[in-house]
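# A closer look at the structure
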Amino acid sequence: MKIPRHLAIIMDGNGRWAEQRSLPRIAGHQQGVKVVQEIVRECSKLGIPYLTLYAFSFENWKRPQEEVRSLMELLTLYLRSELQTMLKENIRLNVIGDAARLPAGVRSILEQTRSATEGNQRMTLNLALSYGSRDEVLRAVRRICLEIRDQRLSVEELDDEVFSRHLDTAGLPDPDLLIRTSGETRISNFLLWQLAYAELYFTETLWPDFGREDLHRALEEFSRRERRFGLTGAQAQREKLSNREERH
Ligand code: IPE
Ligand code: IPE
Ligand code: MG
């Protein structure tokens with residue numbers, strides 16, 4: 001099985017999972033957290049170096065206050081309970097998104113967890129919180145404009161790589177595979193620049209029902225895909241072979 005270097009997941013369907021059981025939506029989020037714990041562990045076991053989870057979008061701030069508050073509480077509990085596991089399993093926490101909008105308590109526990117796990121190397125767990133890709137791109141463009149104005153960067157220097165370095169995901173490779181659960185087939189303002197050449201995988205399974213077998217199914221499908229990056233099929237095959245030789 002081919003293992004993606006960077007797997008990104010849009011964890012969707014918590015609310016519907018709860019509604020189907022006549023439970024409050026938050027019960028779906030609680031079950032969703034359990035799945036996060038299982039999937040993080042499995043990805044680390046499989047040797048996936050980068051895992052990005054879309055946990056709370058910029059647009060999710062518009063949800064009822066009660067739901068937002070419960071989600072922030074759940075996030076705090078999750079981080080508290082996971083620190084030991086992250087240390088034991090050598091997992092580093094990274095966060096992308098507009099952190100300024102998060103409650104102070106959440107920001108502080110995120111920062112504590114981030115710095116406590118900074119040196120860990122097995123896997124980077126990248127949480128997208130208060131994250132919207134258009135917001136991220138605009139923040140990057142504003143910074144770039146300031147650097148150009150102050151002559152710290154020239155217009156000619158601005159290329160793909162320089163632009164990527166100004167995004168929240170600076171230092172992370174682009175995702176190779178995106179999984180979205182719950183049957184929705186849209187991107188919902190997630191990693192618009194970074195997903196340029198990712199393989200997209202959609203499943204009807206709701207996030208609280210997503211298990212290790214579902215993850216393996218997605219990875220098997222990913223292994224069967226031919227990634228061409230604009231080349232012809234024959235060229236892509238040759239590239240793959242020469243990359244393999246370079247590695248040996
Ligand atoms: C995903 O589940 C979790 C978050 C967006 C925080 P939803 O809450 O969107 O669940 P559905 O889409 O309403 O079923
Ligand atoms: C995307 O799910 C955001 C997260 C999973 C955190 P949404 O449920 O918010 O997306 P839409 O509204 O269906 O596009
Ligand atoms: Mg949803």
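Above this note sits the structure.
Described in the following lines is the structure provided in the data block.

## Focus on the overall build of the chain
- Each helix and strand in the chain was counted, giving 8 helices and 6 strands.
- Starting at the N terminus, the α and β elements of the chain follow one another as β-α-α-β-α-β-α-β-α-α-β-β-α-α.
- Here the C-alpha radius of gyration of the chain, 19 Å, is about what a compact globule of 248 residues would show, namely 18 Å.
- Along the first, second and third principal axes, the C-alpha atoms of the chain reach 55 × 50 × 35 Å.
- Across the 248 residues in the chain, those meeting the buried criterion constitute 47%.
- Intrachain contacts of the chain at a sequence separation of at least 6 include 78% that bridge at least 24 residues.
- By element, 48% of the accessible surface of the chain is carried by carbon and sulfur atoms, the whole surface being about 13400 Å².
- Across the chain, 37 positive and 37 negative side-chain charges occur, with their mean positions spaced 2 Å apart.

## Observations concerning the environment of Glu-73
- Examined against the element boundaries, Glu-73 turns out to sit in helix 3 (residues 65-88).
- Along the chain, Glu-73 and Gly-105 lie 32 residues apart, while their C-alpha atoms are 9.6 Å from each other.

## A closer look at helix 5 (residues 133-149)
- Over its 17 residues, helix 5 runs 24 Å from end to end, which matches the ideal 24 Å to within 8%, given 1.5 Å per residue.
- Every buried residue belonging to helix 5 is among Ser-133, Asp-135, Glu-136, Ala-140, Ile-144 and Glu-147, and all of these are buried.
- Within two residues after helix 5, Gln-151 carries a phi angle of roughly 60°, on the positive side.

## Observations regarding the site of ligand 2
- Neighbouring residues of ligand 2: Ile-10, Met-11, Asp-12, Tyr-54, Ala-55, Phe-56, Ser-57, Asn-60, Arg-63, Arg-180, Arg-186 and Ser-188.
- Between ligand 2 and Asn-60 there is a distance of 2.9 Å, counted from an oxygen atom to a side-chain nitrogen or oxygen.
- Measuring from an oxygen atom of ligand 2, one finds a side-chain N or O atom of Arg-186 at 2.8 Å.
- For ligand 2, whose accessible area on its own is 390 Å², the fraction buried by protein is 78%.
- Per element, the largest residue contribution to the shell around ligand 2 is 4 residues, and it comes from strand 2 (residues 50-57).

## A look at the side chain of Asp-98
- Structurally, the position occupied by Asp-98 is in the loop between strand 3 (91-96) and helix 4 (104-116).
- For Asp-98, which is buried and forms no salt bridge, the nearest opposite charge comes from Arg-139, at a distance of 4.9 Å.
- With residues near it in sequence (within four places) discarded, Asp-98 still touches Phe-58, Leu-129, Ser-130, Asp-135 and Arg-139.

## Overview of the sheet that holds strand 1 (residues 6-10)
- Read across the open sheet, the 6 strands follow the order 3-4-2-1-5-6; overall the sheet is parallel. A single partner strand is all that each edge strand has here, and the edge strands are strand 3 and strand 6 (199-202). For this sheet, the mean inter-axis angle between neighbouring strands, taken without regard to orientation, is 20°.
- Relative to strand 4 (residues 123-131), strand 3 runs parallel, the two sharing 6 bridges. Residue pairing across strands places Leu-93 opposite Leu-125, the latter belonging to strand 4.

## Overview of the packing of aromatic side chains
- Tallied over the full model, the rule gives 7 aromatic pairs.
- Geometrically, the ring pair formed by Phe-56 and Trp-61 is edge-to-face, given 4.8 Å between the ring centres and 75° between the ring planes. Across this residue pair, the class does not change: Phe-56 and Trp-61 are buried.
- Taking the ring centre of Phe-222 as reference, the NZ or CZ of Lys-2 above it sits at 5.3 Å.
- In this arrangement the basic side chain of Arg-101 is found over the ring face of Phe-58, its NZ or CZ atom lying 5.2 Å from the centre.

Parameters at a glance
Residues numbered from 1 in each chain as written. Chains lettered and ligands numbered in written order. Predicted model: local features only at pLDDT ≥ 70, side-chain atom pairs only at ≥ 80, totals over all residues. Heavy atoms only, no water. Helix = DSSP H or I, 4+ residues; strand = E, 2+ residues; numbered from the N terminus. Rg over C-alpha atoms; globule rule 2.2 N^0.38 Å. Buried < 20%, exposed > 50% of the residue type's maximum accessible area, 1.4 Å probe, protein only. Contact = heavy atoms within 4.5 Å. Areas by Shrake-Rupley, 256 points an atom, 1.4 Å probe, with all protein chains shown as cover. Lys, Arg positive; Asp, Glu negative; His and termini not counted. Charge placed at Lys NZ, Arg CZ, Asp CG, Glu CD. Expected span 1.5 Å × (residues − 1). Near = heavy atom within 4 Å. Polar contact = N/O pair within 3.5 Å; in protein donor to acceptor, adjacent residues only side chain to side chain. Salt bridge = Lys/Arg side-chain N within 4 Å of Asp/Glu carboxyl O. Pairing = 2+ DSSP bridges. Axes fitted to C-alpha atoms, helices over the stretch in contact; angles between N-to-C directions. Phe/Tyr/Trp six-rings, centres within 6.5 Å; stacked < 30°, edge-to-face > 60°. Lys NZ or Arg CZ within 6 Å of the ring centre and 35° of its normal.

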